[in-house]
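Descriptive structure summary
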Amino acid sequence: MSFNQVQKEVLSELISTLEAVSNEQVDQLIGAIEQADRVFFVGVGRVLLSLEAVAKRLAHLGVDTVVVGQITEPAITENDLLIVGSGSGESLFPLGIARKARSFNAKVAHIGANPKSSMGELTDYFVRIPVQTKLNLPGEIPSIQPMTSLFEQSLLLLGDTIALMIIQKNQIDMPKLWQYHANLE
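Residues numbered from 1 in each chain as written. Predicted model: local features only at pLDDT ≥ 70, side-chain atom pairs only at ≥ 80, totals over all residues. Heavy atoms only, no water.

**Focus: the overall build of the chain**
Counting its secondary structure elements, the chain contains 5 helices and 5 strands. The secondary structure elements of the chain, listed N-terminal to C-terminal, are α-α-β-α-β-β-α-β-β-α. Against the compact-globule benchmark of 16 Å for 185 residues, the chain has a radius of gyration of 16 Å, which places it among compact chains. Taking the principal axes of the C-alpha coordinates as reference, the chain spans close to 45 × 40 × 30 Å. Taken across its 185 residues, the chain has 44% of its residues classed as buried. Looking at the chain alone, contacts between residues at least 24 apart form 68% of all its contacts between residues at least 6 apart. Here the chain displays about 10,200 Å² of accessible surface, and carbon together with sulfur accounts for 55% of that area. Each charge sign in the chain was given a centre, from 14 positive and 20 negative side chains, and these centres are 2 Å apart. (Helix = DSSP H or I, 4+ residues; strand = E, 2+ residues; numbered from the N terminus. Rg over C-alpha atoms; globule rule 2.2 N^0.38 Å. Buried < 20%, exposed > 50% of the residue type's maximum accessible area, 1.4 Å probe, protein only. Contact = heavy atoms within 4.5 Å. Areas by Shrake-Rupley, 256 points an atom, 1.4 Å probe, with all protein chains shown as cover. Lys, Arg positive; Asp, Glu negative; His and termini not counted. Charge placed at Lys NZ, Arg CZ, Asp CG, Glu CD.)

In structure tokens form, the structure reads like this:
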């Protein structure tokens, strides 16, 4: 298959996936982000890479973001939000961090594909990206891509969509956002 054929299939998967994400769940997550003093992010592997990009973009909007494990990571408090990225909702490290965040009365949001995961008992908010996971659950959107690529791509695009929604809601002047962009590059 040619590049054009494959990219069309990938984009088609992304459109189907993002159209299946709940507006209500996204609105609730945005509300939680806006109410939090700080927003912490945790995930592993490629999910973490997508979350780091989301954290960076939200930081450009003035949200105080922290990726769990950063050397300058502050303490989480009851005024903060932890966003967990985990398709299965069963990854041990994110589950442990969510449990720990709850012990400090922080709010916890899970962005994942599995609505019946172990993460469910620890979260205040859930945004489902209903894609194929390693669990092969019913109702998952199948993918031609390897492993969980569709989840990771959708997570990144969900984060950028949330950022744009916050920009529009708060009538943020986009050209002024460049003042928050890294300048030691």
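**Brief notes about empty space enclosed by the protein**
Here the idea is plain: a probe the size of a water molecule rolls over the atoms and shows the empty space left. Applying the stated criterion across every chain yields a total of 1 cavity of 30 Å³ or more. If you add up the space inside the largest cavity, you get close to 60 Å³. Around the largest cavity, the lining residues are Leu 29, Ile 33, Phe 41, Val 54, Leu 58, Ile 83, Ile 111, Leu 155, Leu 158, Gly 159 and Ile 162. Of all elements in the fold, only α2 (23-35), α3 (45-60) and α5 (149-169) reach the threshold of two or more residues within the lining of the largest cavity. (1 Å grid on protein atoms, 1.4 Å probe; cavity = no way out; pocket = protein on both sides within 12 Å on 5 of 7 lines; lining within 4 Å. Points joined across faces, edges and corners; volume = space filled by probe spheres on them.)

**A word on the pattern of salt bridges**
According to the stated counting rule, one finds 4 salt bridges in the structure shown. For the salt bridge of Arg 38 with Asp 64, the shortest nitrogen-to-oxygen distance reads 3.3 Å. With Arg 38 in the loop between α2 and β1 (39-42) and Asp 64 in the loop between α3 and β2 (65-67), the pair connects residues that are 26 residues apart, well separated along the chain. (Salt bridge = Lys/Arg side-chain N within 4 Å of Asp/Glu carboxyl O.)

**Some words on the pairing of strand β4 (residues 107-112)**
Judged by how many residues are buried, β4 sits mostly within the fold: 5 of 6 residues are covered. In terms of strand pairing, strand β3 (residues 81-85) meets β4 through 5 bridges, oriented parallel. By the bridge assignment for β4, Gly 85 is matched with Ile 111. Crossover β3 to β4 through helix α4 (residues 92-103) is right-handed. Sheet topology places β4 next to strand β5 (residues 125-128); 4 bridges connect them, and they run parallel. Pairing of His 110 across the sheet is with Phe 126, part of β5. (Pairing = 2+ DSSP bridges. Right-handed = clockwise from strand over helix to strand, strands pointing away.)

In short, the description is geometric, and any link to function would need to be established separately.
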